[in-house]
Structures are given as structure tokens and as C-alpha cells.
Amino acid sequence: MSQAEVKAEVKRAARAPARRPSPLWTLALFRSELGTTFRRWRTIALLGVLAAIPVLTGIAVKIETSDGGSFGEGHGGDGQGPAFFSQITNNGIFLVFASLAATLPVFLPMAIGVIAGDSIAGEAGSGTLRYLLVAPAGRTRLLLAKFTTVIAFCMVATGVVAAAGLATGALLFPLGDVTLISGTTVSFTDGLLRTLAVAGVVACSLIGIATVGLFISTLTNSGIAAMAATVGLLITVQILDTIPQLHAIQPYLFPHYWLSFADVLRDPVYWDQLIKNFELQALYVAVFGSAAWARFTAKDITA
């Protein structure tokens, strides 16, 4: 369709009587956005990389401990290795926790940043945003569909890491009762439930960066610029969260409580840091979600 035809469609849509889309049409919009996102090769590649990390981690641990030693020995460590890693050889379910701990600081949020940053800006850059707005969707519904799709990607990406870690752990290491961080031993079924809860906490922890990325995506018509800005902001905030002199502002940075998922592996569960994490992510959704809505509804769509 030519640019003149697009302009004509926009004018006809503007002159047409306002129609309230049915809930089924709104659901169809979300399904369309979801299908479009997960059919892209970029999305499939991101999920493939995330799935490969637990597999490679499990293989590395298996090779290093093949002589009966502990992970981390012989490399200047104390034989304990990073958190959770030293427990993998005793119980493969710990590969899930180790993989989430390894991917959460960088890989998972970067993947979320790419999808969120491209959500609006990518449509504008490819010239399809006006086509979407010609349909009786409304900018608010379209933005909500984009946001819901990004949240769905958060859940799927976290689930891919957890599932790959559990499958690899089951293949390479023994499974059984789970010894929690507090020293309490629970059944394997209880351990699986806690694993599911940990994955849910990690997925919720990524909502803040997802909302920030969506807001940045409304500021530009370049998908690449939005993705780069989101990833750059992620790296900057991660650095700020490690500087001791900035301790006063660190509790307000979205990654500050990311590793609080470890508190699920205590008996009883430590809720203090978890609740603070949920509240902080909700604050980012409220602030940057409102900013994204205000920007997108007032934005002059030229592409």
C-alpha cells in the first residue's frame, strides 16, 4: 500500500463513527501481538541463547567434577564455587537456581530490553505503526497489548531458563530431597514447587526493566536506538547498584532486589526482601507505564 493510500485510510478512520472494540477483538489484538513477537527469528534466537546457558553450565560443572572434586577447586576458589553451584553435583535441581542466578544480572534483562525497546519503536521504524492504529484498537489498547506481550516474554524467557536447567540437571546429576539454604531438608516435590515459585519471582523482577524499555520505545522511531538505550540504561543501573557511596539511592534501582529469589529457598521463607522487590517493580510499572501512556497517546505518528 502506498503512502497516499495509507493517508486516505487514516482519514477515513478518523471520519468514521467511534466504535468500541469488543473484548474478543481486544483479545485478538493481544494474540496477534503475541504471535508476531514469538515468530520473529530474533525472539527465537534470544530464547535459544537463554536455553543454552543452563546446558553449557551443567556440562561445565559435570566435566570439572568428573574426578570427584567440588566445583571451583583448582581455580583459586575455596571449593564452594559461586552460590548454588557447589550443590549441583548433589542435586540437579540446583542447576535451575544457579542458571537463574547467572542469567538474571545480564542475559535475561538484556533479552527483555531488546523485546521491550523494539515493541513500539520497531513498528514505527518499519512503517507498520500507522497500519495498526487505523484498526479500531485505540492507542491505549495497542500499548496495553504491547506491554502484555513483553510481560509474557518475561515469563517465557524465565521459564525457558528454568526448564533447560531442570532438564539438564536431571540428565547429568542425581535428583532427590532438597536441602534449603536454611539447612532444612524438604521433599523433591516441595523443591519443585519452590523452583516454580523462584521462577515466578524472577519473572516478576523483570517487569521493571520491561516497563522502562517500553517507555523508551515510545520516545523514538528507531528500534535499534530504543534497544541500545534500554540495554545501556540496564548496564548503567547495574554499575550504580554496586557503588557503596550510592547506598542511599540503591534501594530504588530496579535490579537492587533481583537476587531476593534466594529467600524462597529458606524455611520459613524470608518475605522482607521479596515484598520490597514486588513493591519496587510495581512502582516502576506505575511511573514508567504512565509515562509511556502519556507519551504514546500524544505522539505524532509519522511512520
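Scroll up to find the structure.
Residues numbered from 1 in each chain as written. Predicted model: local features only at pLDDT ≥ 70, side-chain atom pairs only at ≥ 80, totals over all residues. Heavy atoms only, no water.

**Observations regarding the environment of Asn221**
So, step 1. In this fold, Asn221 is placed in the loop between α9 (207-217) and α10 (223-240).
So, step 2. We classify Asn221 as partly exposed; its relative accessible area is 34%.
So, step 3. Counting along the chain gives 100 residues from Asn221 to Ala121, while the straight-line C-alpha distance between them is 4.6 Å. (Helix = DSSP H or I, 4+ residues; strand = E, 2+ residues; numbered from the N terminus. Buried < 20%, exposed > 50% of the residue type's maximum accessible area, 1.4 Å probe, protein only.)

**Some points on the pattern of salt bridges**
So, step 1. Under the criterion given, the structure shown has 6 salt bridges.
So, step 2. Among the salt bridges present, the one from Lys146 reaches Glu33, with a minimum N-O distance of 2.8 Å. On the criterion of sequence distance, the pair formed by Lys146 in helix α7 (residues 139-172) and Glu33 in helix α2 (residues 23-39) is long-range, its members being 113 residues apart. Accessibility classification places Lys146 together with Glu33 in one group, the buried group.
So, step 3. Residue Lys276 is joined to Asp272 by a salt bridge in which the shortest nitrogen-to-oxygen separation is 3.7 Å. Here Lys276 pairs with Asp272, and both are found in helix α11 (residues 272-298), just 4 residues apart, close to one helical turn. (Salt bridge = Lys/Arg side-chain N within 4 Å of Asp/Glu carboxyl O.)

**Overview of the packing of aromatic side chains**
So, step 1. This model, assessed by the stated rule, comprises 9 aromatic pairs.
So, step 2. Measuring from centroid to centroid gives 5.6 Å for Phe254 and Tyr284, while their planes differ by 90°, and the two rings are edge-to-face. Pair noted here: Phe254 is in the loop between α10 and α11 and Tyr284 is in helix α11, with a separation of 30 residues, a long-range link. Summarising the burial analysis for this pair, Phe254 and Tyr284 share the class buried.
So, step 3. Of the aromatic side chains, those joined through ring pairs into one cluster are Phe215, Phe254, Trp258, Tyr284 and Phe288. (Phe/Tyr/Trp six-rings, centres within 6.5 Å; stacked < 30°, edge-to-face > 60°.)

**Concerning the side chain of Gln281**
So, step 1. For Gln281, the position within the fold is in helix α11.
So, step 2. Contact partners of Gln281, with chain neighbours within four places excluded, come to Cys204, Ser205, Ile207, Gly208, Phe254 and Trp258. (Contact = heavy atoms within 4.5 Å.)

**Thoughts on the state of the cysteines**
So, step 1. Per the counting criterion, the structure on display carries 0 disulfides.
So, step 2. Here Cys154 is not disulfide-linked; the sulfur of Cys204 is the nearest cysteine sulfur, at 9.3 Å. (Disulfide = S-S within 2.5 Å.)

**Quick look at the environment of Val49**
So, step 1. On the secondary structure map, Val49 appears in helix α3 (residues 41-64).
So, step 2. A sequence separation of 58 residues divides Val49 from Phe107, and the C-alpha atoms of the two residues are 8.8 Å apart.

Any link to function would need more than the numbers given here.
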